[in-house]
Amino acid sequence: AVPRTRILATGGASHNKKILQVLSDVFNAPVFTIDTANSACLGSAYRAIHGLVAERNVSLADVVKLAPEPRLAVTPTPGAEELYRPLLKRYAELEQKVIYSPASSC
C-alpha cells in the first residue's frame, strides 16, 4: 500500500463491516466512512462550489474542509499485508498486460 493511504468508503457497501474489512486488508489501509445520505451528490456539490470559487484561488481542499468528518470504520488485520502484497503485484502486472496489449475483437 502507499504510505499514509486511507480509504473513504461511501454508499450501501459502506454499511457492511465485512466488505470494509476486506478493503482494509487488501490495500493495507484504514477505512473511513461518513454518515451522510447520497454521498455522490455531496461530492458533486463540493465540486460545484469549488467551480464557483476557483477564480478566487480557493482550493478544493479548502472547500471540502466543511465536509463531515470521516469516522474510522476498520483497520487492516495484522498479517494480511503479507497475504495480499504478492496478489496486488500480480494484479498490477495483469492489468498492465491488458492495458498495453493490442485489443482483440470479440
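Given the structure is predicted, the values throughout are model-derived calculations rather than measurements.

Scoring rules and cut-offs
Residues numbered from 1 in each chain as written. Predicted model: local features only at pLDDT ≥ 70, side-chain atom pairs only at ≥ 80, totals over all residues. Heavy atoms only, no water. Phe/Tyr/Trp six-rings, centres within 6.5 Å; stacked < 30°, edge-to-face > 60°. Lys NZ or Arg CZ within 6 Å of the ring centre and 35° of its normal. Salt bridge = Lys/Arg side-chain N within 4 Å of Asp/Glu carboxyl O. Pairing = 2+ DSSP bridges. Helix = DSSP H or I, 4+ residues; strand = E, 2+ residues; numbered from the N terminus. Axes fitted to C-alpha atoms, helices over the stretch in contact; angles between N-to-C directions. Contact = heavy atoms within 4.5 Å. Parallel < 35°, antiparallel > 145°, perpendicular 65-115°, else oblique. Nonpolar A, V, L, I, M, F, W, Y, C, P; charged D, E, K, R; others polar. Buried < 20%, exposed > 50% of the residue type's maximum accessible area, 1.4 Å probe, protein only.

**Structural notes on the packing of aromatic side chains**
In this structure the tally under the stated criterion is zero aromatic pairs. Its guanidinium or amino end placed over the ring of Phe32, Arg6 lies 4.8 Å from that ring's centre, counting from NZ or CZ.

**Concerning the pattern of salt bridges**
Counting across every chain of the model gives four salt bridges. What you see here is one network of salt bridges that share partners, running through Lys89, Arg90 and Glu93.

**Structural notes on the sheet that holds strand S1 (residues 7-9)**
Spatially, three strands are ordered S1-S2-S3 in an open sheet, and the strand pairing comes out mixed. Strands at the two margins of the open sheet, each flanked by one partner only, are S1 and strand S3 (71-74). The average angle at which neighbouring strand axes cross in this sheet is 45°, direction not considered. By the bridge criterion, three bridges tie S1 to strand S2 (residues 31-33) in an arrangement that is parallel. Pairing of Ile7 across the sheet is with Val31, part of S2. In the packing of helix H1 (residues 17-27) onto the sheet, contacts are made with S1, S2 and S3, and the angle to S3 comes to roughly 85°.

**Quick look at the packing of H1 against helix H4 (residues 80-100)**
Running from N to C, H1 and H4 point in directions that differ by 70°, and their axes come no closer than 7 Å. Between H1 and H4, the crossing angle belongs to the class labelled roughly perpendicular. Across the interface between the two elements, Asp25, Val26 and Phe27 from H1 touch Ala80, Tyr84 and Leu88 from H4. A class-by-class count of the residues in the contact of H1 with H4 yields five nonpolar, no polar and one charged.

**Thoughts on unusual backbone geometry**
In this structure, Asn28 is a non-glycine residue whose phi angle is positive, near 50°. Along the chain, Asn28 falls in the loop between H1 and S2. Of note in this structure, Asn57 is not a glycine but carries a positive phi near 60°. Structurally, Asn57 is set in the loop between helix H2 (39-53) and helix H3 (60-63). Look at Asn57 and you get exposed, because its relative accessible area is 73%.

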